[in-house]
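Report on the structure
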Amino acid sequence: MAVEQTISIIKPDAVGKNVIGDIYTRFEQAGLRIVAAKMKHLSQAEAEGFYAVHAERPFFNDLVDFMTSGPVMIQVLEGENAIAKNRELMGATNPKDADAGTIRADHAESIDENAVHGSDSPETAAVEIAYFFSTTELCPRTR
Ligand code: UDP
């Protein structure tokens, strides 16, 4: 297994529920290290740019509205198999389908407001990390 980096975003619903610490604990207990983090209230342009791959989807405008409805907590996670590990901790996109004990099963209300985002491939992770962080903002423990 390779050491990977991935983007995690704690979405406005979960920030509003004050569960950032609970989610960080799950990352740490799974062996993932937080190597960069920032809280940010996304502008419409930032949210649209981040979710550009979904621009043609029917839920796009609602997704942008939701992602700009309050602050988000954005972090880079690093560790063995970090991309898949984070996706496993998150649970399925629709919290109704998410395994018990996952972040979405415990904290998400619906498929639209589903608590967290996580990169889904190494290529996406590289693009998403660069979208929010400059290389000087990353503090990899492997450096
Ligand atoms: N989404 C939505 N309605 C849908 C499907 C997706 O609002 O019917 C949103 C949801 O916030 C989801 C995001 O679009 O997390 C990206 O969708 P994707 O299928 O990539 O799921 P994810 O990778 O977040 O599990």
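Residues numbered from 1 in each chain as written. Predicted model: local features only at pLDDT ≥ 70, side-chain atom pairs only at ≥ 80, totals over all residues. Heavy atoms only, no water.

For clarity, the cut-off: UniProt positions are given in the numbering used here, feature names are shortened, and annotations may be inferred rather than shown by experiment.
In the annotation of an unreviewed UniProt entry, the entry for the chain reads Nucleoside diphosphate kinase, and the organism field reads Abyssibacter profundi. On record in UniProt, under Subcellular location (unreviewed entry), the comment for the chain is "Cytoplasm". Quoted verbatim from the Sequence similarities (unreviewed entry) field of the UniProt record, the comment on the chain reads "Belongs to the NDK family."

**Some details on the UniProt feature "domain: Nucleoside diphosphate kinase-like" (unreviewed entry) in the chain**
Our working definition: The secondary structure listing takes helices from DSSP runs of H or I that are at least 4 residues long and strands from runs of E that are at least 2 residues long, numbered from the N terminus.
The residues that UniProt annotates with the feature "domain: Nucleoside diphosphate kinase-like" (unreviewed entry) are residues 3-140. Counted over residues 3-140, helix gives 40% and strand 20%. Its end C-alpha atoms are 10 Å apart.

**Some words on the nonpolar core**
What counts is decided by this rule: Buried Ala, Val, Leu, Ile, Met, Phe, Trp, Tyr and Cys residues that are joined via side-chain atoms within 4.5 Å together make up what is termed a nonpolar core. Each residue gets one of three labels from its accessible area relative to the maximum for its type: buried under 20%, exposed over 50%, partly exposed in between, using a 1.4 Å probe on protein chains only. The contact rule is simple, with two residues in contact once any of their heavy atoms fall within 4.5 Å.
The biggest cluster of nonpolar side chains holds 20 residues, and the ones touching the most others in it are I7, I9, M67, I74, V76, F132 and F133. Mapped onto this core, the elements with two or more residues apiece are β1 (3-10), β2 (33-40), α3 (44-50), α4 (60-67), β3 (72-80) and α7 (122-132). When residues in this core are grouped by element, the largest group, 5 residues, is from α4. The contacts of I9, once residues within four sequence positions are left out, are F50, M67, V72, M73, I74, Q75, A115, V116, H117 and F132. V15, F27, M90 and A108 belong to the second-largest nonpolar core, a separate cluster that totals 18 residues.

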